[in-house]
Protein chains: 2
Amino acid sequence: MAQNIYDNPDFFSGYSRLPRQVHGLAGAPEWPRLRAMFPDVAGKRAVDLGCGFGWVSRWLRESGADKVLGIDLSENMIARARETTADTEIDYRIADIETVELPEAAFDFAFSSLTFHYIRDFDRLARMIHRALTPGSHFVFSIEHPIFMAAAHPNWIEDEDGRKAWPVNRYSIEGERRTDWLAKGVVKYHRTIGTTLNALIRAGFAIEAVDEFAPTLEQIRENPALEEELERPMMLLVSSSR
Amino acid sequence: MAQNIYDNPDFFSGYSRLPRQVHGLAGAPEWPRLRAMFPDVAGKRAVDLGCGFGWVSRWLRESGADKVLGIDLSENMIARARETTADTEIDYRIADIETVELPEAAFDFAFSSLTFHYIRDFDRLARMIHRALTPGSHFVFSIEHPIFMAAAHPNWIEDEDGRKAWPVNRYSIEGERRTDWLAKGVVKYHRTIGTTLNALIRAGFAIEAVDEFAPTLEQIRENPALEEELERPMMLLVSSSR
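Computed from a predicted model, the values in this text were never measured in an experiment. (Residues numbered from 1 in each chain as written. Chains lettered and ligands numbered in written order. Predicted model: local features only at pLDDT ≥ 70, side-chain atom pairs only at ≥ 80, totals over all residues.)

Describing the interface of chain A and chain B
Link 1 in the chain: Contacts between the two partners involve 37 residues from chain A, matched on the other side by 37 residues from chain B.
Link 2 in the chain: Those elements that provide at least two residues to the side of chain A that touches chain B are β7 (164-168), α8 (193-203) and β10 (206-212) of chain A.
Link 3 in the chain: Per element, the largest residue contribution to the side of chain A that touches chain B is seven residues, and it comes from β10 of chain A.
Link 4 in the chain: Partitioned by chemical class, the residues of the side of chain A that touches chain B number 20 nonpolar, six polar and eleven charged.
Link 5 in the chain: Direction of pairing for β7 of chain A relative to strand β7 (residues 164-168) of chain B: antiparallel, over a ladder of three bridges. By the bridge assignment, Trp-166 of chain A is partnered in β7 of chain B with Val-168 of chain B. (Contact = placed C-beta atoms within 7 Å. Helix = DSSP H or I, 4+ residues; strand = E, 2+ residues; numbered from the N terminus. Nonpolar A, V, L, I, M, F, W, Y, C, P; charged D, E, K, R; others polar. Pairing = 2+ DSSP bridges.)

And the structure:
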């Protein structure tokens, strides 16, 4: 079972105050790039893996998706997601993505935002999602970038010019990473980009696009704190098709 | 025109003494992984872009390729490549990969080792190679890994535990990098992994596998200096099909 850090009260309280949870998709700088990877969702049955408060699940319905299944391990998240909508075509369920089995060929679009780095077995997950999608479907997701996750001590340092630099080590040593973020001992699983893409390809997906998110100059003007994202990518966005 | 650093006498002299030039493919630790990406080359017409001394061109012929075209910008390299073989089915030519145009549908396999990071316009190159290949062909190459190339100061540092760490910055700022390696001011072009893969996909290639080379434990036992390659990848290996 995946660690349920989101139901840790300290974590949940901190998480709920993040800009992307307060402001929704407008508070997620990668959202325009991620959305650009989506197919036309009108009439589609979509699954949102790690739906959290349901920001994307609701967006999918507002954009014409027929039905949306939102899945999350956290009771807190699902409770909040349910409170935010009266839409009966969004089904929010508590389930562990590490082990969940979706019905075969039941979806036309699969999506996940910043969730799969909590999952130990991505090979199983990719195969399961492939089975759950109809031919011609798209599967789009974001994860923490392996450059961001690899290091034993993921903290900015300075290079000899005083410019911010991100220390990378243990990149090829995959597996568990424990970090303190909103709570102590958050467990994540580091995989190289190659491992993630090869798992998709082996499962039967074609890679459509890979985006190592960087903010635009306009985004940096509006939010100067984003500038450091040019130095090293924090998020990896992948679009694939079945 | 690409910088012709290989015909700089100091560079060439240093380069000729690298283990992979003295020992050939046995001196290139990534070779077993790269070779595993190859299709059966028997009967195929192959092109080796940036062939250097011709190690792979010769291997391709020894493995049954029908004909091999080896291209390199460096007169020194091509002269040496020609000296090492009497095989009339290997054609070594001096040409700039930045601008070279290969004939249409003239090859069944395209290969390149550690060359494309010297090329400014990878989009053009990917489209040109796609045109030069027959349907069903494979295109396999290695480049310096963008994690290795990105930084303003690409030198090992130590993290707070005294473990080697590789500083990454300017990752999302693509373009020219000047480094001192065997000679001063070697010009390379940094691109993110996403940019490289998306250029292939846009040109019409399907991504088959992505390998961020890491040595095996056996390779590290034989050559302990390779151990640092586990901390950050130096090479990116890509297999694609047309």
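Let us keep going from here.
Regarding the relation of the copies chain A and chain B
Link 1 in the chain: When chain A is fitted onto chain B, the two copies agree to an RMSD of 0.0 Å after a turn of 180 degrees and an axial shift of 0.0 Å. Each copy turns onto its partner about a two-fold axis. Among all C-alpha atoms of chain A, that of Pro-167 of chain A lies closest to the rotation axis, at 2.3 Å.
Link 2 in the chain: Taken as a fraction of all interface residues of chain A, those also at the interface in chain B reach 100%, which identifies the copy contact as same-surface. (Least-squares fit on C-alpha atoms with pLDDT ≥ 70 in both.)

Here's the deal with the sheet that holds strand β11 (residues 235-241) of chain B
Residues and elements named next belong to chain B.
Link 1 in the chain: Taking strand neighbours across the sheet as the criterion, the seven strands line up as β3-β2-β1-β4-β5-β11-β10 in an open arrangement whose pairing is mixed. Two strands close off the open sheet at either side, each with one partner strand: β3 (90-94) and β10 (206-212). The sheet shows a mean angle of 15 degrees between the axes of neighbouring strands, direction not considered.
Link 2 in the chain: Examined bridge by bridge, β10 and β11 share six bridges and lie antiparallel to one another. When the sheet's bridge partners are listed, Glu-212 is paired in β11 with Leu-236.
Link 3 in the chain: Contacting β2 (67-72) and β3, helix α5 (residues 75-83) runs over the sheet at an angle of about 160 degrees to β3. (Axes fitted to C-alpha atoms, helices over the stretch in contact; angles between N-to-C directions.)

Regarding the packing of helix α6 (residues 122-132) of chain A against α8 of chain A
Residues and elements named next belong to chain A.
Link 1 in the chain: Packing of α6 against α8 brings their axes to within 9 Å, and their N-to-C directions diverge by 40 degrees. One way to sum up the angle between α6 and α8 is to call them oblique. Viewed along their axes, α6 and α8 form a crossing whose handedness is right-handed. On α8, the residues touching Phe-122, Asp-123, Ala-126, Arg-127 and His-130 of α6 are Thr-196, Ala-199, Leu-200 and Ala-203.
Link 2 in the chain: Here the residues of the contact of α6 with α8 are counted per class, giving five nonpolar, two polar and two charged. (Parallel < 35°, antiparallel > 145°, perpendicular 65-115°, else oblique. Left-handed = near helix turned anticlockwise from the far one by under 90°.)

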